[in-house]
Amino acid sequence: MDNTIVGLQALEILDSRGNPTVEVECTLACGVKARAAVPSGASTGVHEAVELRDGDPKHFGGKGVTKAVAHVNGAIAEQIVGMDARAQAAIDEAMIALDGTPNKGRLGANAILGVSMAVARAAANAADLPLFQYLGGPDATRLPVPNMNILNGGVHARWQGADFQEFMIAPYGADSFREALEWGSEIYHALRSVLMEKGHRVGVGDEGGFAPEVSSNEEPLELIMQGIEKAGLKPGADVGMAVDPASSEFFRDGRYHLRTENRTLNAAELVDYYEKLVANYPFVLLEDGLAEDDWEGWQILNARLGGVIELVGDDLFVTNVQRIKRGIRENVANAALIKLNQIGTLTETIAAVRTCSRAGWGAFVSHRSGETVDSFIADMTVALDTGHLKSGAPARGERLAKYNQLLRIENALGSAAHFAGKNAYVRPVRF
Ligand code: PGA
Ligand code: ZN
């Protein structure tokens, strides 16, 4: 098989919110072709790599990505065509050098990532290996706990519901990924019944979870507890909870503004609030409890809760090795969220996961609120053995694309597959 890259072709396609994004097709000399599509966030961290958008108000309200597409078809193709698709690190380094900025702002992280992912998939196809085995080798056998975001708030629900952005269930008590997904689906449907009984609307937010108009950020936890029980499962023993408040979105002038509760808190007061929630509900993970530059606040958070649950930095670390290393030095968290498009290449994403693992930290792989049916992260999660991921609700095609791919991987592995279960998190499940 000749793995030489002979073509790179990008296309402007639409994501799950109807906004443009980049798709790349990579062609090898042996005739193998592979495609990859780049996701896009809404509660984006300010330290993320740059998602290049055209800014032309006459084309998708400025959100077009034709410049990023042109960079793939032009400068990037010129540099990368002729390289061996298996030389992932060299290819990613060549693109980083070609871009020449610290944040991929010239060519666009969306352009660079599309190529990085398409090249990996082409090399896997040429090797006749599933992507998870190409990336992870014979050791890639552990299926992650799916943390399903069944109740949406914040910017993902246009601020019409909870301030906290994501309320996730963690069915870690299941015996397999398949069973965990089944439990998630049953809880999702039970939650819909609970909401309807209480007269709530059951429209969904960007990640497929319900987006009711609640009057506090604790009310969703109550509703979800009822959903778990209605589905015949035990909160704590069978299913835990994970929350991503995405607090950078409601942090202004040094304070955290809880609109639904009509009050503002400082970091220490918000940590008190979280501590109360952790005492009252079966929490296993809290992501972005504090804002992206509130390093002192994070230290308080980690001192109080870091021994009990997994504390994940998303906007704080943006999948960036330098920021994760600072977090390790300053002892502000015990895990990092892992999003390919926050940093812009597969190689740097793998480096971020390795940095976490070597420090005894967790690595929590994530989709974005704007997604496509590309299921790359499902394979990547198994390959890098991170033990847990989030891909939204067990509903909506672009969310299920990842969960369904994990069903296929589990099925293909057969008796070699094992489910991460209660060992998925960096702090042992307490129940
Ligand atoms: P985003 O949200 O994809 O809209 O940035 C996801 C998250 O905050 O984890
Ligand atoms: Zn987040």
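Residues numbered from 1 in each chain as written. Chains lettered and ligands numbered in written order. Predicted model: local features only at pLDDT ≥ 70, side-chain atom pairs only at ≥ 80, totals over all residues. Heavy atoms only, no water.

A short note on the coordination of the zinc ion (ligand 2)
This is how the line gets drawn: In this description, a donor is an N, O or S atom within 2.8 Å of the metal centre, a cutoff extended to 3.2 Å for sodium, potassium and calcium. Water is not part of the atom list, which can make sites seem incomplete. Numbering of helices and strands starts at the N terminus; helices are DSSP runs of H or I of at least 4 residues and strands are runs of E of at least 2. Per-residue accessibility, obtained with a 1.4 Å probe over protein chains only, is compared with the maximum for each type, and a residue is labelled buried under 20%, exposed over 50%, and partly exposed between these values.
Protein coordination at the zinc ion (ligand 2): the donors are D244 (OD), E287 (OE) and D314 (OD), at 2.0 to 2.2 Å from the metal. Taken in chain order, the donor set of the zinc ion (ligand 2) reads D-x42-E-x26-D. On the criterion of sequence distance, the pair formed by D244 in strand β7 (residues 240-244) and E287 in strand β11 (residues 283-287) is long-range, its members being 43 residues apart. Both residues of the pair, D244 and E287, count as buried.

A word on the nonpolar core
Note the following rule: What is meant by a nonpolar core is a set of buried Ala, Val, Leu, Ile, Met, Phe, Trp, Tyr and Cys residues, joined one to another through side-chain atoms within 4.5 Å. The domain boundaries here were taken from an automatic or database domain assignment. Contacts are assigned to residue pairs that have any heavy atoms within 4.5 Å of one another.
Counting residues in hydrophobic clusters, the biggest one holds 137 residues, and the most contacted among them are L8 and I76. With 12 residues, helix α3 (residues 109-126) is the single largest residue contributor to this core. Three or more residues apiece are contributed to this core by two domains, here domain 1 (5-128) and domain 2 (136-424). When residues no more than four places from it in sequence are discounted, the contact partners of L8 are V24, E25, C26, V72, N73, I76, A77, I80, V81 and V115.

Notes on the environment of S43
We count it as follows: For this analysis, a polar contact is any N or O atom pair within 3.5 Å, provided that within protein one partner can donate a hydrogen and the other can accept it, and provided that sequence-adjacent residues contribute only side-chain to side-chain pairs.
As for its position among the elements, S43 is in the loop between β3 (33-37) and α1 (66-80). Residues contacting S43, with those up to four places away along its chain left out, are V155, H156, Q165, A246, E249, D315 and R368. Reaching out from S43, the side chain makes a polar contact with the side chain of Q165 at a distance of 3.0 Å.

Some points on the sheet that holds strand β8 (residues 251-252)
Sheet strands pair by backbone hydrogen bonding; their relative direction is either parallel or antiparallel. Which entries qualify depends on this criterion: Any two strands with at least two DSSP-identified bridges between them are counted as paired. In this description, a line fitted to the C-alpha atoms serves as the axis of each element, helices being fitted only across the stretch in contact, and the angle between N-to-C directions of two axes falls anywhere from 0 to 180 degrees.
The antiparallel open sheet is built from three strands, whose spatial order is β8-β9-β10. Taken across any chain shown, the strands that pair with only one partner, and hence form the sheet edges, are β8 and β10 (263-265). The pairing of β8 with strand β9 (residues 255-258) spans two bridges and is antiparallel. Among the inter-strand pairings, F251 is bridged to a residue of β9, identified as Y256. Across the sheet, helix α7 (residues 267-280) touches β9 and β10, and the angle it forms with β10 is around 105°.

Focus: the domain arrangement of the protein
What counts, and what does not: Summed over both partners, the accessible surface that disappears when two parts come together, traced with a 1.4 Å probe, is what is meant by buried area. Every case where a carboxyl oxygen of Asp or Glu lies within 4 Å of a side-chain nitrogen of Lys or Arg is listed as a salt bridge.
Taken domain by domain, the protein holds domain 1 (5-128) and domain 2 (136-424). Here the C-alpha centroids of domain 1 and domain 2 sit 27 Å apart. Each side of the interface is counted separately: domain 1 has 33 residues, and domain 2 has 30 residues. Looking only at domain 1, the three residues that lose the most surface to domain 2 are S43, H47 and E48, adding up to 24% of its buried area. Seen at the junction of domain 1 and domain 2, the total is four salt bridges. With a shortest N-O distance of 2.6 Å, D206 and R17 are connected by a salt bridge.

Considerations on the site of ligand 1
Cut-off, in case you're wondering: Note on terminology: near, applied to a residue and a molecule or strand, indicates that one of the residue's heavy atoms is within 4 Å of it. For every accessible area listed, the method is Shrake-Rupley and the probe measures 1.4 Å; residues are considered covered only by the protein chains on display. Residues are grouped as follows: Ala, Val, Leu, Ile, Met, Phe, Trp, Tyr, Cys and Pro are nonpolar; Asp, Glu, Lys and Arg are charged; all remaining types, including Gly, are polar.
Taken together, 15 residues are adjacent to ligand 1, and A42, H156, R368, S369 and K390 come closest. K339 is positioned such that a nitrogen or oxygen atom in its side chain is 3.2 Å from an oxygen atom of ligand 1. In isolation ligand 1 offers 280 Å² of accessible surface; the protein chains occlude 100% of this area. Here the residues of the shell around ligand 1 are counted per class, giving two nonpolar, six polar and seven charged. There are two domains that each give the shell around ligand 1 at least three residues, and those are domain 1 (5-128) and domain 2 (136-424).

Topic: the sheet that holds β3
Pairing is antiparallel in the open sheet, where three strands are placed in the order β1-β2-β3. At either margin of the open sheet sits one strand with a lone partner, and together these are β1 (5-14) and β3. Across the sheet, the mean angle from the axis of one strand to that of its neighbour is 20°, orientation sign disregarded. Judged from the nine bridges that link them, β1 and strand β2 (residues 20-28) form a sheet pairing that is antiparallel. By the bridge assignment, I5 is partnered in β2 with L28. In the packing of α3 onto the sheet, the strands contacted are β1, β2 and β3, and the crossing angle to β3 comes to about 145°.

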